[in-house]
Amino acid sequence: AERRQRNREHAKRSRVRKKFMLESLQTQVRGLQDENSTLRMLVQKHIPLDAMKIIDDCCSKSVLFGAEGREGGALGGAAPPKTDAENGKEVALLK
């Protein structure tokens, strides 16, 4: 009976620890997503002609993006360039 009680307490502590770690990782992911979005906007603002190539190069090198790359998967990515109908130029969009 005493052993069972200790096991319950240990399991409870493990669940609390796991919940804390999950919340911490979720907060970190949100922060990194915000930073990524800010950096993408800066690249598009300051280097508009090369922005999509730079973003593609950065995203394609990460093993986290795998085969999905720019398509956006679970980790996101830049949207594919759209063509401006008036002048035929590519217009880069953020997701």
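The text that follows walks through the structure, step by step, so that each part is easy to find.

### Overview of the overall build of the protein
Turning to step 1, where the next piece is worked out: The helix and strand tally for the protein stands at two helices and two strands.
Turning to step 2, where the next piece is worked out: N-terminal to C-terminal, the α/β element order of the protein is α-α-β-β.
Turning to step 3, where the next piece is worked out: Looking at the protein as a whole, 14% of its 95 residues are labelled buried.
Turning to step 4, where the next piece is worked out: Considering only intrachain contacts with a sequence separation of at least 6, the fraction spanning at least 24 residues in the protein is 27%.
Turning to step 5, where the next piece is worked out: When the accessible area of the protein is evaluated, it comes to approximately 8,000 Å², of which 57% is carbon and sulfur surface.

### A closer look at the pattern of salt bridges
Turning to step 1, where the next piece is worked out: Under the defined criterion, the tally for this structure stands at two salt bridges.
Turning to step 2, where the next piece is worked out: With a shortest N-O distance of 2.9 Å, aspartate 57 and lysine 53 are connected by a salt bridge. Within this pair, aspartate 57 and its partner lysine 53 are both found in helix H2 (residues 51–60), separated by four residues, close to a single helical turn.

### With respect to the environment of valine 43
Turning to step 1, where the next piece is worked out: Structurally, the position occupied by valine 43 is in helix H1 (residues 2–46).
Turning to step 2, where the next piece is worked out: Sequence-wise, valine 43 and isoleucine 55 are twelve residues apart; in three dimensions their C-alpha atoms are separated by 8.2 Å.
Turning to step 3, where the next piece is worked out: Valine 43 has contacts with Pro48, Ala51 and Ile54, leaving out every residue within four places of it along the chain.

### Here we look at the environment of arginine 40
Turning to step 1, where the next piece is worked out: When you line up the elements, arginine 40 lands in helix H1.
Turning to step 2, where the next piece is worked out: Residue class for arginine 40 comes out buried when judged on its relative accessible area of 8%.
Turning to step 3, where the next piece is worked out: Residues arginine 40 and isoleucine 54 lie 14 residues apart in sequence; the distance between their C-alpha atoms is 9.4 Å.

Conventions adopted
- Residues numbered from 1 in each chain as written.
- Predicted model: local features only at pLDDT ≥ 70, side-chain atom pairs only at ≥ 80, totals over all residues.
- Heavy atoms only, no water.
- Helix = DSSP H or I, 4+ residues; strand = E, 2+ residues; numbered from the N terminus.
- Buried < 20%, exposed > 50% of the residue type's maximum accessible area, 1.4 Å probe, protein only.
- Contact = heavy atoms within 4.5 Å.
- Areas by Shrake-Rupley, 256 points an atom, 1.4 Å probe, with all protein chains shown as cover.
- Salt bridge = Lys/Arg side-chain N within 4 Å of Asp/Glu carboxyl O.

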